[in-house]
Structures are given as structure tokens and as C-alpha cells.
Amino acid sequence: MTSNRNRSLLIAASSLLLLGGTLTACGQEGGMEANPAGGGAKGGRPTVCLVMKSLGNEYFQAMQKGAEAHVKQRGDLDLKASGIQNETDIDGQVAAINGCITDQAAAIVVAPADSRALVAPLGRAAKAGIKVINIDVKLDDGALKAAGLDIPFVGPDNTEGARLSGEALGKALGKGGKVVILEGNPGAANAQQRKAGFEAAAKAAGLEVVDSKTAHWETDEAYTVTGNWLTSHPDVQGILASNDSMALGAVKAVQGKPGSKIKIVSFDNIEAIRPYVKDGTVLATVDQYGGEQAADGIDEAMKAVKGEQPQAWVKTKLTVVTAADLG
């Protein structure tokens, strides 16, 4: 009897030790300790988080598809892709980054909704040993310096791309043409760069910029802003839209004004804008190859995971797209 009692006590003690070890392991998995190279690995493959902006935007849908196809082709990593509800959902991106930290991903590839607000959570990721690569929208250099971070950028020259797009409008309208600029999120570097590129094109062509407002990359907001302009600036002749989603809103507003001959140029070359490029409503857009950007970002992230030094700026390609290019 005593022997059976001792045996039961021994089994209970062993169970408690096993449970304690399991709880400890779970606690470590969700922690923010330094992440070894290849962290988040499943079956020996590292996990790379792709954190994008709004998946309601066709551009980021294409980016995700391009990333998934590239990862399938590589076959040496697992991809965790996520987007946010809308273009200003900064908290959603912060939550996604925190999730990548909790999951102990090996790397994060991020297209930030805001160039300054995402620096702090990305700093936490870097401190946890996660490799970080910035794509699409450049993180703010001053904020990175203040945080002591050196995060490589994979993306295009947005200023030059917008300048080339705006050049098409300048040629169509000629000197003295009155234009307006639809800006992206004020906190995003690419919004600032595209505005600067449009302004440079307008100055070179002798266009008059009569107004410039943000529509936060959103179609519905751009429709409202453009509609207001058609009332306050009835003589406007051209619109420089900082992305195709806003250009679609501008097109809708312009088409609601009978007899309007307002011309639009834009940026992104999403599928939905191409019919308007073909019929001349949109004179030009700029393809910045979002899928390829994500693929290049993933490649740089994997180099970093393997201990290689990524390039400070992998400059990705831009192509101006007009009706002639679409046939």
C-alpha cells in the first residue's frame, strides 16, 4: 500500500515538472528575446512577414500576389502576408509588426503607411533580432537616425516617377495650364516625393498649380476633393493624382461634369486605371512594379537572415505608361 502511494506521488511530481516545462516554453515563444538567425522557422525554413498597406488598393493586392509567386519559386522560406483596413490604419500596421515579433519571424518586409510612426515598432523588431527591410515607402531618415536604426530600402525614385508622369500633362496642356495636385498621406515619404515631382514637372512646363490637397490615397475622398475643386476652380484643366486609386475618384468626379475636358495623370498602373489610359481620360500613369518590389525586398531580407549585408537602397524600376503602350 505504501509502495502504491509513493508511486502515485512520483507520477504527480513528474507531471508537474512536465507542465512547468511546457508553460516555460510557451512563455519563451511569445516573448521578445533576441531572435537567432532563421527564427520563426518551420521545418527548417525561416518565416518572413510582409506587412503592406491597404489590401483594398489593387496595387497592394498585386504586390501580395507577386510576393507569393516569388516565395513559391524560391521554396526556402514561409511567407506571412498582411495588410490593413485602409491607407491611414497605422495602428493596424503596428499590430501586424507586433504579431511578427511575437511569432519570432526571421525578417519583416514592410511598406509603411507612415514614414515616422512605424519607426518605433520596427525598432522593437530589430531589438528582438528580426531583420527589417523597408519597401515602397521610405522610412524617415531623421526618425531612423534618432532611433539608431539602419534599415535598407527597396523601392523606386518616387520624385522622378511623378516628374515623368507630370511631364505628360505639361506637354498636353502647354504653358499657362491650370492644374491641381491630389496628394497621398502627408506622413508618407512617397506622398511628399510625388508631390515634389509633380511640382517640378509643372514648373518646367509653365503650368500653374492652383491648389494641392490630400485625399489620403483613397478613391472616395479623391472624388469629394475633386468635386469641390470643380466648383471652386471651374477653369482647372489638369489633375496630377499621386496614385491610381485617387485618379479613379477624380475620373468619376470629372465624368459627372458634362463637357469637361480635364486631363489626369497618375501613378501605379493598376488594372482598373488602364481603360481610362486607353481612352485618353488619363494621359499617363507610372508602373512601379509592386510585385517585383516585394520580391526584391524578400531577397534582401533573406540575405540579411543569412548574415549578408543588404544594399542601403535597391532602386527599383519605373515605367511611364500611356495609351500607346496599352495598344
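Attention in this report is confined to the structure presented alongside it.

Definitions and cut-offs
Residues numbered from 1 in each chain as written. Predicted model: local features only at pLDDT ≥ 70, side-chain atom pairs only at ≥ 80, totals over all residues. Heavy atoms only, no water. Pairing = 2+ DSSP bridges. Helix = DSSP H or I, 4+ residues; strand = E, 2+ residues; numbered from the N terminus. Axes fitted to C-alpha atoms, helices over the stretch in contact; angles between N-to-C directions. Contact = heavy atoms within 4.5 Å. Expected span 1.5 Å × (residues − 1). Polar contact = N/O pair within 3.5 Å; in protein donor to acceptor, adjacent residues only side chain to side chain. Parallel < 35°, antiparallel > 145°, perpendicular 65-115°, else oblique. Nonpolar A, V, L, I, M, F, W, Y, C, P; charged D, E, K, R; others polar. Salt bridge = Lys/Arg side-chain N within 4 Å of Asp/Glu carboxyl O. Buried < 20%, exposed > 50% of the residue type's maximum accessible area, 1.4 Å probe, protein only. Phe/Tyr/Trp six-rings, centres within 6.5 Å; stacked < 30°, edge-to-face > 60°. Lys NZ or Arg CZ within 6 Å of the ring centre and 35° of its normal.

## Looking at the sheet that holds strand β11 (residues 313-315)
One open sheet accounts for 6 strands, arranged β2-β1-β3-β4-β5-β11; its pairing is parallel. The open sheet is flanked by β2 (78-84) and β11, the only strands paired with a single partner. Sheet twist, expressed as the mean angle between neighbouring strand axes with direction ignored, is 20 degrees. Two strands pair when backbone bridges link them, and strand β1 (residues 47-54) and strand β3 (residues 107-110) are joined in this way by 4 bridges, in the parallel orientation. The partner of Leu 50 across the bridge, within β3, is Val 109. The strands touched by helix α3 (residues 90-102) within the sheet are β1, β2 and β3, with β1 carrying the most contacts at an inclination of about 175 degrees.

## Overview of helix α6 (residues 158-173)
Helix length check: α6 (16 residues) gives 23 Å between terminal C-alpha atoms against 22 Å at 1.5 Å per residue, within 8%. Lining the buried residues of α6 we find β6 (178-183), α7 (189-205), β8 (238-241), β9 (263-265) and β10 (282-287). Sitting at the amino-terminal end of α6 is Asp 157, which places a side-chain oxygen 3.3 Å from the backbone nitrogen of Thr 159. Backbone geometry just after α6 places Gly 174 at a positive phi near 80 degrees.

## What about the packing of α3 against helix α4 (residues 119-127)?
Their axes nearest at 10 Å, the elements α3 and α4 cross at an angle of 5 degrees. The orientation of α3 relative to α4 falls into the category roughly parallel. Packed against α3, whose contacting residues are Val 94, Ile 97, Asn 98 and Ile 101, the element α4 presents Pro 121, Leu 122, Arg 124 and Ala 125 at the interface. For the contact of α3 with α4, a count of residues per class yields 6 nonpolar, 1 polar and 1 charged.

## Structural notes on the pattern of salt bridges
Opposite charge on two side chains permits them to pair, given that their charged atoms come into close proximity. One pass over the structure, following the stated rule, counts 16 salt bridges. One salt bridge in this structure joins Asp 76 and Lys 306, with 3.9 Å as the shortest N-O distance. You can see Asp 76 sitting in the loop between α2 (58-74) and β2 and its partner Lys 306 sitting in the loop between α11 (290-305) and β11, a full 230 residues away along the chain. Here Asp 76 falls in the partly exposed class, since its relative accessible area comes to 24%. In the salt-bridge network here, residues are joined through shared partners; they are Arg 74, Asp 76, Asp 299 and Lys 306.

## Focus: the packing of aromatic side chains
Scanning the model with the defined rule gives 2 aromatic pairs in all. Relative to Phe 60, the ring of Tyr 59 lies with its centre 4.9 Å away and its plane at 80 degrees, an arrangement referred to as edge-to-face. Look at Tyr 59 and you get buried, because its relative accessible area is 4%. Look at Phe 60 and you get buried, because its relative accessible area is 2%. Between Phe 153 and Trp 313, the ring centres sit 6.2 Å apart and the planes meet at 40 degrees, which makes this aromatic pair tilted. A residue pair is termed long-range when its members are at least 10 positions apart, and Phe 153 in strand β5 (residues 153-155) and Trp 313 in strand β11 qualify at 160 residues. Owing to a relative accessible area of 39%, Trp 313 belongs among the partly exposed residues under this scheme. Above the face of the Phe 267 ring, Arg 194 is positioned so that its terminal group lies 3.8 Å from the ring centre.

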